[in-house]
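# Architecture and fold: a report
Listed here are the chains, written in short residue letters.
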Amino acid sequence: MMAALALFQTGCDKENNDQPDPKPEPVRLDRDTVSSWLGRSSFYITDAWRVSGKDSVDMFQEDTLLRLYTNAVFLNFYISKGNGEIMFHGGGSPIPNTEMPGNALTFSLNIRIFLPTQMSLKWDEERGTLGVETRGTTSYLPMMVPGKKGYLDPGSFNVKMSMEQAKASAVKPSMRFIYDDDDPKLGKVTYKITMKPMYQYYREPGQQTSAKFVVFQ
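Described in the following lines is the structure provided in the data block. Note that the structure is predicted; figures quoted are calculated from it, not measured. (Residues numbered from 1 in each chain as written. Predicted model: local features only at pLDDT ≥ 70, side-chain atom pairs only at ≥ 80, totals over all residues. Heavy atoms only, no water.)

In terms of strand pairing, strand S3 (residues 75-80) meets strand S4 (residues 83-89) through six bridges, oriented antiparallel. Bridge assignment links Phe-77 to a residue of S4, and that residue is Ile-86. Here S3 folds back onto S4 in antiparallel fashion, the turn holding two residues, of which Lys-81 has a positive phi close to 50°. Judged from the seven bridges that link them, S4 and strand S7 (residues 114-124) form a sheet pairing that is antiparallel. Its bridge partner lying in S7, Ile-86 is registered against Met-119. (Pairing = 2+ DSSP bridges. Helix = DSSP H or I, 4+ residues; strand = E, 2+ residues; numbered from the N terminus.)

Those residues of helix H2 (residues 31-38) lying buried are Val-34, Ser-35 and Leu-38. With its buried residues spanning 100° around the axis, H2 presents them on a single face. Those residues of H2 that are buried lie in contact with strand S1 (41-52), S3, S7, strand S8 (129-134), strand S9 (149-152) and strand S10 (175-183). The positive-phi residue at the C-terminal boundary of H2 is Arg-40, with phi of around 60°. (Buried < 20%, exposed > 50% of the residue type's maximum accessible area, 1.4 Å probe, protein only. Arc of directions from axis to C-beta. Contact = heavy atoms within 4.5 Å.)

Core analysis: the largest hydrophobic core is formed by 26 residues, its most contacted members being Leu-38, Phe-77 and Met-175. Breaking this core down by element, the ones donating at least two residues are H2, S1, S3, S4, S7, S8 and S10. It is S7 that provides the largest number of residues to this core, a total of four residues. The residues touching Phe-77, leaving out its near neighbours within four places in the chain, are Leu-38, Gly-39, Arg-40, Ser-41, Phe-43, Glu-85, Ile-86, Leu-121, Met-175, Phe-177 and Met-195. In terms of nonpolar packing, the next biggest core, distinct from the first, is built from nine residues, Phe-74, Leu-109, Ile-111 and Met-198 among them. (Core = buried A, V, L, I, M, F, W, Y, C linked by side-chain atoms within 4.5 Å.)

As structure tokens, this is what we get:
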């Protein structure tokens with residue numbers, strides 16, 4: 001009897017082991033929460049990767065001009081209820097970090113002038129996340145190609161509302177946008193662009209033009 005039970009148990013275990021693990025439910029974001037947390041917030045692009053098959057290329061090493069752009073173009077999200085556009089500060093530059101802890105990056109930004117990137121934002125209900133599309137190109141950002149579509153990777157969305165929350169967080173806030181493209185030489189490729197939020201930490205009393213911002217790493 002015991003042998004029969006043992007055999008039955010072994011058979012059950014084998015059958016259970018043959019069952020595929022259930023797939024996790026895809027992450028879906030809340031439109032109004034994302035809009036609230038991104039609205040009028042500024043972001044710094046920290047890295048950009050191109051993935052082709054099993055190969056990944058750091059685009060900042062592939063094209064050294066990109067780092068110059070990221071140190072001059074600081075994105076600002078004008079968004080409400082999942083719709084809006086991306087602008088950028090019309091004046092900004094990195095400054096030495098003499099005030100913030102650790103290896104944080106610090107910047108001086110013009111907080112009055114914003115220029116268009118020609119990137120529009122629209123909520124993607126099917127994916128449950130924020131979509132972005134380039135409408136055209138400008139003299140400010142000549143590398144922009146019209147008609148490219150991407151989306152905010154829902155699983156990457158980790159944005160803190162306040163500077164103190166970001167400073168205290170073990171995993172520093174960031175988010176990643178993804179878009180697929182056809183490369184003339186490589187064929188199908190995927191670009192993954194990571195951004196980190198910028199927090200204003202100092203502005204002189206009465207100052208309406210510039211302020212200091214920090215990015216935690």
